[in-house]
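Chain by chain, the residues run as shown.
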Amino acid sequence: TFTFDVELPASDAAVAPRKRRKVLSLAADQTPLRILIVDDTPENRLLLMRLLGDAGFDVREAVNGADAVAEWDTWRPHLVFMDMRMPVMNGLELARTIRDQERQQGLRTPIIILTANGQPTEHEQCAAAGIDAYLTKPLRLDELLGAIQRLNSEPPGLIDQR
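Nothing here was measured: the structure is a model prediction, and the numbers come from that model.

This next bit is on the overall build of the chain. For the chain, the helix and strand inventory stands at five helices and seven strands. If you list the helices and strands of the chain from N to C, you get β-β-α-β-α-β-α-β-α-β-α-β. Of the contacts formed within the chain by residues at least 6 apart in sequence, a portion of 65% connects residues at least 24 apart. Accessible surface, the chain: about 9900 Å² in total, of which carbon and sulfur atoms supply 50%.

Looking at where Arg99 falls in the secondary structure, it is placed in helix α3 (residues 91-105). Measuring from C-alpha to C-alpha, the distance between Arg99 and Ile131 comes to 9.1 Å, with 32 residues separating the pair along the chain. If we skip the residues at most four places from it in the chain, Arg99 touches Arg108, Thr109, Pro110, Ile111, Ala129, Gly130 and Asp132.

Once that is clear, we can look at the packing of helix α1 (residues 42-54) against helix α5 (residues 141-151). Look at α1 against α5: their axes get within 11 Å of each other, and the N-to-C directions meet at 65°. When the axes of α1 and α5 are compared, the pair comes out roughly perpendicular. α1 and α5 meet at a crossing whose hand is right-handed. For the pair α1 and α5, the contacting residues are Leu48, Leu51 and Leu52 in the first and Leu141, Leu144, Leu145 and Ile148 in the second.

Taken in spatial order, the five strands line up as β3-β2-β4-β5-β6 in an open sheet, and their pairing is parallel. Pairing within the sheet leaves two strands with one partner each, and these edge strands are β3 (58-62) and β6 (133-136). Each adjacent strand pair in this sheet contributes to an overall mean axis angle of 20°, direction not counted. Relative to strand β4 (residues 79-83), strand β2 (residues 34-38) runs parallel, the two being bridged by four bridges. Residue pairing in the sheet places Leu36 in a bridge with Val80 of β4.

This paragraph deals with the pattern of salt bridges. Here the structure, examined in full by the defined rule, presents 12 salt bridges. Here Arg99 ties to Glu102 by a salt bridge, and the two come within 2.6 Å at their closest N and O atoms. Here Glu102 and Arg99 lie together in helix α3, a separation of three residues that amounts to about one turn. Given the relative accessible area of 2%, Glu102 is considered buried. For Asp132, the salt bridge identified is with Arg99, shortest N-O distance 2.7 Å. You can see Asp132 sitting in the loop between α4 (120-128) and β6 and its partner Arg99 sitting in helix α3, a full 33 residues away along the chain. With a relative accessible area of 4%, Arg99 lands in the buried category.

How each quantity is defined
- Think of each chain on its own: its residues are numbered from 1, step by step along the sequence as written.
- Predicted model: local features are reported for residues with pLDDT of at least 70 only, side-chain atom pairs are reported and counted for 80 or more only, and whole-chain, interface and lining totals are derived from all residues.
- The side-chain values count all of the structure's non-hydrogen atoms but skip hydrogen atoms and water molecules.
- A helix here means a DSSP run of H or I that spans at least four residues, while a strand means a run of E at least two residues long, and both kinds are numbered starting from the N terminus.
- The contact rule is simple, with two residues in contact once any of their heavy atoms fall within 4.5 Å.
- Each accessible area is a Shrake-Rupley estimate made with a 1.4 Å probe; only the visible protein chains count as cover when residues are assessed.
- Here, axes are lines fitted to C-alpha atoms. For helices the fit covers the stretch in contact, and angles between N-to-C directions go from 0 to 180 degrees.
- Every angle not falling under 35 degrees, over 145, or within 65 to 115 is termed oblique; those three ranges are roughly parallel, roughly antiparallel and roughly perpendicular.
- Crossing handedness is defined as follows: a turn of the near helix away from the far one that is anticlockwise and smaller than a right angle gives a left-handed crossing, while the clockwise case is right-handed.
- At least two DSSP bridges between two strands are needed for those strands to be called paired.
- Salt bridges are identified by distance alone: a Lys or Arg side-chain nitrogen within 4 Å of an Asp or Glu carboxyl oxygen.
- Any residue under 20% of the maximum accessible area for its type is buried, any over 50% is exposed, and the rest in between are partly exposed; the area is computed with a 1.4 Å probe on protein chains only.

This is the structure:
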């Protein structure tokens, strides 16, 4: 946590507060999507597990790429969120491994990379590895849900608080 002060010029313009909507849950008739979260940092996994689990998604976690391959192979998630930089197998290596196995089995799982780095060269590397979307940290729930809706063949029905 940190704080700072900024001096700004006075303004007469009135700014209307933006009303934020919060997702409460999946719609009652929605089959929960299985989402695999792969990150070596426990706090990052916990955040995603809570955000997505509380919304009604079926979530599991893996601490590195090697564990994720085993979990993907046995659980068959509908979507994978993964960190870029991890020990044992990084996000690019994990994506390539999953894509290789999918080609053999005729499958396709959307993969979303989560990274603190936003360099254009990293975007290109991700696309080349078969990664479907690229989100930068810090994460926002609306971005996560938007990516899920864009990439899933049957987007989740969400109930929101207005």
